[in-house]
Amino acid sequence: MSERSAGTLNLIFLGPPGAGKGTQSRMVEEKYSIPQISTGDLMRKEISSGSSFGEEINSYIKLGQLVPDKIVISMLLHRLDHDDCKKGYILDGFPRTVEQAKSFELALAENGSFLSGVIAITVADEVLALRLGDRRVCKKCSTTYHLFHNKPKKDGLCDNCGTPLSRRRDDEPDVIANRIEVYHQQTAPLIDFYQNRNNLYLVDGNKKIDVIFQQICVIIDKLT
Ligand SMILES: [Zn+2]
């Protein structure tokens, strides 16, 4: 891996579903010119490209098994070695477990690299439930809307293609409650892990999008 000078921004974003993590990382991506990297997207890309990583990953997915951490991490390190990550990156959706966090930390250290900071967006469970419950999606073109923050121009219809909007199964109330619960179980230990490393920065995600972004920028500007 190429040498990293001071001033690089190697970030991890943590946050429950509905915290606006995707929106915020896109805003950070734009302002600081560092790419947002999602391991889920990365795996899908590798599979469709037919790379050796892709084939290996697919062999697990086909069997309904979890892709081993070792493979996910080497795929990730390979991606982080690309030129567009020289100034840093934002990891979204990884790590999900303390095991992964430890292995990743070790792998970075072996490459002479390190994390600049872990930004965790926290949101009250009731707020999350409301946000997710108001999400709508166009089944035809996959555009997502929100009845509050990102309304379609015509009630209930997709702006792009006019298809009636629907709720994803994932966003039904019973599933939402479960997703939030799973998030807490998985992430609480991760938050502790990074807190013990003095590397954790909490952001109040109950605020509006631009206020959350301001908090994030203050943190990032201190990290560089
Ligand atoms: Zn549409």
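Remember, predicted model here, so these are calculated numbers, not experimental data.

Each value, and the rule that gives it
- Residues numbered from 1 in each chain as written.
- Predicted model: local features only at pLDDT ≥ 70, side-chain atom pairs only at ≥ 80, totals over all residues.
- Heavy atoms only, no water.
- Donors = N, O, S within 2.8 Å, 3.2 Å for Na, K, Ca; no water.
- Tetrahedral: all angles 85-135°; square planar, octahedral: opposite > 155°, others 65-115°.
- Buried < 20%, exposed > 50% of the residue type's maximum accessible area, 1.4 Å probe, protein only.
- Salt bridge = Lys/Arg side-chain N within 4 Å of Asp/Glu carboxyl O.
- Helix = DSSP H or I, 4+ residues; strand = E, 2+ residues; numbered from the N terminus.
- Core = buried A, V, L, I, M, F, W, Y, C linked by side-chain atoms within 4.5 Å.
- Contact = heavy atoms within 4.5 Å.
- Pairing = 2+ DSSP bridges.
- Axes fitted to C-alpha atoms, helices over the stretch in contact; angles between N-to-C directions.
- Parallel < 35°, antiparallel > 145°, perpendicular 65-115°, else oblique.
- Left-handed = near helix turned anticlockwise from the far one by under 90°.

**Q** Describe in detail the coordination of the zinc ion, supporting the description with residues and values.
**A** Coordination of the zinc ion by the protein is provided by Cys138 (SG), Cys141 (SG), Cys158 (SG) and Cys161 (SG), with metal-donor distances spanning 2.3 Å. In this structure, the zinc ion is coordinated by four donor atoms arranged in tetrahedral fashion, with angles at the metal of 100 to 124 degrees. Each donor residue of the zinc ion belongs to the same chain, with the gaps between them written as C-x2-C-x16-C-x2-C. Assessed through its relative accessible area of 1%, Cys138 is described here as buried.

**Q** Can you explain the pattern of salt bridges? Please cite residues and give values.
**A** The full count for this structure, using the stated rule, is eleven salt bridges. In this structure, Arg197 engages Glu105 in a salt bridge whose closest nitrogen and oxygen atoms are separated by 2.5 Å. Taken together, the positions of Arg197 in the loop between helix H7 (173–196) and strand E7 (200–204) and Glu105 in helix H5 (residues 98–110) put the pair 92 residues apart, joining distant regions of the chain. The exposure class of Glu105 is partly exposed, given its relative accessible area of 32%. Overlapping salt bridges bring together Arg135, Arg168, Asp171 and Arg179 as one network.

**Q** How would you summarise the nonpolar core if you had to cite specific residues and measurements?
**A** Counting residues in each nonpolar core, the largest one holds 32 residues, and the members touching the most others are Tyr89, Leu91, Phe104 and Tyr194. Those elements that provide at least two residues to this core are strand E1 (9–14), helix H2 (39–49), helix H3 (52–62), helix H4 (69–80), strand E3 (88–92), H5, strand E4 (117–122) and H7. At seven residues, the largest contribution of residues to this core is made by H4. Contacts of Tyr194, omitting those with residues within four sequence positions, involve Ile12, Pro95, Ala101, Leu115, Val118, Asn199 and Leu200. Ala19, Tyr32, Phe213 and Cys217 belong to the second largest nonpolar core, which has 22 residues in total.

**Q** Tell me about the sheet that holds E3, residues and numbers included.
**A** The sheet built from five strands is open, its strands ordered E2-E3-E1-E4-E7 with parallel pairing. Edge positions in the sheet fall to strand E2 (36–38) and E7, since each of these pairs with one other strand and no more. Averaged over all pairs of adjacent strands, the angle between strand axes in this sheet comes to 25 degrees, irrespective of strand direction. One ladder, built from four bridges, connects E1 with E4; its direction is parallel. Bridge assignment links Ile12 to a residue of E4, and that residue is Val118.

**Q** Give a detailed account of the packing of H3 against H4, specifying residues and quantitative values.
**A** In the contact formed by H3 and H4, the axes pass within 11 Å of each other and the chain directions differ by 155 degrees. Classified by the angle their axes make, H3 and H4 are roughly antiparallel. Between H3 and H4 lies a crossing whose hand is left-handed. For the pair H3 and H4, contact is made by Phe53, Glu56, Ile57 and Tyr60 and by Ile71, Ser74, Met75 and His78, respectively.

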